[in-house]
Amino acid sequence: MIRSIIPKLSGRPTKTPILFLPHFQPTLTSIHHSKLHQHAKYNTETEQLKPNLKFLSQLRKETQCSITKAREALLTTQNDYALALEWIHQDAIKSGLKKAEKLNDRVAAEGLIGVKIFSGGRRGGSLVEVNCETDFVGRSDGFKNFVRGVNSVCEDFNLSGNVGSDALIQEIDTESVSKLHLGGDDVSKSVHQRQIELIGQLGENIQIRRVAVINPQESNLDGNSVRIAGGYTHGGPDQSSSDLGRIGAIVSLKVSPGENVEPHSQFLTRLARQLAQHVVGFAPRVISGSDGEDVMLRQTFLPSGGEKKVGEVLESLKTEKDPPISVEIEAFNRFECGEGIEKVVAGAEDFKSEVMKQAGLA
């Protein structure tokens, strides 16, 4: 039975009757509730898909990834920060491997030289060069930390006795360094894995070009001498990066007698650093020899203000210091970022050839 119901609005009947269908009511009600449920479900999902803004900022700061990648990581992992961080790392490796293949032939002549002195100079030191394509990337935090990481693994590599003993300062195979594991937050990653990640994040060809270490030697060399190392860099990316620069050097000194070293410990540490600074500034080729501008002992000692030569400064220590000491420069090495790498600069002929090629005339 169909009944006609005429509701009253403001006391007046409507002109068009509304049909009330009792047997259709459950269906309409169920449809109504279903739509409400779907709407509520949609709102819930939308809320879940919003990335945590605090995590978003923290993730970008920690990984230096783009905001798009950070959002994707958080949404994929339902705002689980630890999982999002791992997602970023895995994605960077995948992306880095692809980019590394494409970018491998591109010239990387920019970058940084890193210096690290081990145990206050008593256990040697390392000198590394890591290259990238632009100065902008070379100044980024991710790149700077990577250079420091390479130097840190060199200390472990050095002290484990992996370096040969045929030369006091020896350049070692970068492939061997790449297999070593980093410390700190990246302890589970090898140097190579972090390098690939960085290529994926920064989008440039990044190469560990060369690594030199002062061989591990016992502090007491021959029963009466002590070895002390020093390092210096110039042209760093900022004032807080004294261990990074465009040019770097390490120096190894032999000091005797050993029992007189401790009272002059701070002085000798400073002297080793000053001699490394001299190597950076004057670029000597040999320690001693006949007259020549490239003989270190015959060069004017940089920190002396032009008054004394390096050899004269070292000779004076035998009489000026109490107790007296003898200091001998055993070895040094100097890296300048990008030296020997031919930079490709597009000239007029290259431009002309490219235009001809695009015009189909070449």
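On a predicted model such as this, the values are computed, not experimentally measured, just so you know.

Draft legend 1. The overall build of the chain, seen in detail. For the chain, the helix and strand inventory stands at 11 helices and 12 strands. A burial count over the chain gives 38% of its 362 residues as buried. Total accessible area on the chain is roughly 21,100 Å²; 51% of this is exposed by carbon and sulfur atoms.

Draft legend 2. Representation of the state of the cysteines in the model. All told, the structure shown has zero disulfides when counted by the stated rule. With no disulfide of its own, Cys 132 lies closest to Cys 337 among cysteine sulfurs, the gap being 7.2 Å. Residue Cys 132 is classed as buried on the basis of its relative accessible area, which comes to 0%.

Draft legend 3. How the structure looks around the pattern of salt bridges. If you walk through the whole model with that rule in mind, you get 16 salt bridges. Where Arg 139 meets Asp 135, a salt bridge forms, and the shortest distance between an N and an O atom there is 2.9 Å. A network of salt bridges, in which partner residues are shared, links Glu 129, Arg 209, Arg 210 and Glu 339.

Draft legend 4. Representation of the side chain of Ser 190. By the element assignment, Ser 190 lies in the loop between α7 (174-178) and α8 (191-202). In this structure Ser 190 touches Ser 178, Lys 179, Leu 180, His 181 and Leu 182, once residues within four positions along its chain are discounted.

Draft legend 5. View of the nonpolar core. Of all hydrophobic cores here, the largest spans 28 residues; its most connected members are Leu 268, Leu 271, Leu 275, Val 327 and Ile 329. Elements with a minimum of two residues in this core: β9 (226-234), β11 (247-256), α9 (265-282), α10 (310-320) and β12 (326-336). The greatest single-element share of this core, amounting to eight residues, is contributed by α9. If sequence neighbours within four positions are ignored, Leu 275 has contacts with Val 251, Leu 253, Met 296, Phe 301, Val 310, Leu 314 and Ile 329. Counting residues in hydrophobic clusters, the runner-up holds 26 residues, among them Val 130, Phe 146, Val 147 and Ile 172.

Draft legend 6. Unusual backbone geometry, seen in detail. Backbone torsion omega between Ser 256 and Pro 257 reads -5°, so that peptide bond is classified as cis. With respect to the helices and strands, Pro 257 occurs in the loop between β11 and α9. With an omega of 0°, the peptide bond between Asp 322 and Pro 323 qualifies as cis. Structurally, Pro 323 is set in the loop between α10 and β12.

Draft legend 7. Structural view of a positive patch on the surface. A cluster of like positive charges, contributed by Lys 94, Lys 98, Lys 99 and Lys 102, occupies part of the molecular surface. Here Lys 99 lies in helix α4 (residues 81-103). Judged by relative accessible area, which is 31%, Lys 99 ranks as partly exposed.

Draft legend 8. Summary view of the confidence of the model for the chain. In the predicted model, the chain carries a mean pLDDT of 80, and 76% of its residues have values of at least 70. Confidence drops under a pLDDT of 50 for residues 1-47, and excluding neighbours within four residues, the segment shows 19 contacts in the predicted structure.

Draft legend 9. Inspection of the packing of aromatic side chains at higher detail. Summed over the entire model, instances satisfying the criterion amount to one aromatic pair. Ring centres 5.3 Å apart and planes at 50° place the aromatic pair Phe 55 and Tyr 81 in the tilted group. Taken together, the residues span a long stretch of sequence, with Phe 55 in helix α2 (residues 53-63) and Tyr 81 in helix α4 at a distance of 26 residues. In this structure, Arg 210 is placed above the aromatic ring of Phe 335, and the distance from its NZ or CZ to the ring centre is 4.1 Å. Directly above the ring of Phe 267 sits Lys 321, whose terminal nitrogen or CZ lies 3.8 Å from the centroid.

Draft legend 10. Local environment of the sheet that holds β9. Spatially, three strands are ordered β9-β11-β12 in an open sheet, and the strand pairing comes out antiparallel. At either end of the open sheet lies a strand with only one pairing partner, and these are β9 and β12. Across the sheet, the mean angle separating the axes of adjacent strands is 15° when strand polarity is ignored. Sheet analysis places β11 next to β12, joined by 10 bridges and oriented antiparallel. Its bridge partner being in β12, Ile 250 is matched across the sheet by Asn 333.

The rules behind the values
Residues numbered from 1 in each chain as written. Predicted model: local features only at pLDDT ≥ 70, side-chain atom pairs only at ≥ 80, totals over all residues. Heavy atoms only, no water. Helix = DSSP H or I, 4+ residues; strand = E, 2+ residues; numbered from the N terminus. Buried < 20%, exposed > 50% of the residue type's maximum accessible area, 1.4 Å probe, protein only. Areas by Shrake-Rupley, 256 points an atom, 1.4 Å probe, with all protein chains shown as cover. Disulfide = S-S within 2.5 Å. Salt bridge = Lys/Arg side-chain N within 4 Å of Asp/Glu carboxyl O. Contact = heavy atoms within 4.5 Å. Core = buried A, V, L, I, M, F, W, Y, C linked by side-chain atoms within 4.5 Å. Patch = residues over 30% accessible without salt bridge, like charges linked within 9 Å, V, L, I, M, F, W, Y side chains within 5 Å. Lys, Arg positive; Asp, Glu negative; His and termini not counted. Charge placed at Lys NZ, Arg CZ, Asp CG, Glu CD. pLDDT = per-residue confidence, 0-100. Phe/Tyr/Trp six-rings, centres within 6.5 Å; stacked < 30°, edge-to-face > 60°. Lys NZ or Arg CZ within 6 Å of the ring centre and 35° of its normal. Pairing = 2+ DSSP bridges. Axes fitted to C-alpha atoms, helices over the stretch in contact; angles between N-to-C directions.

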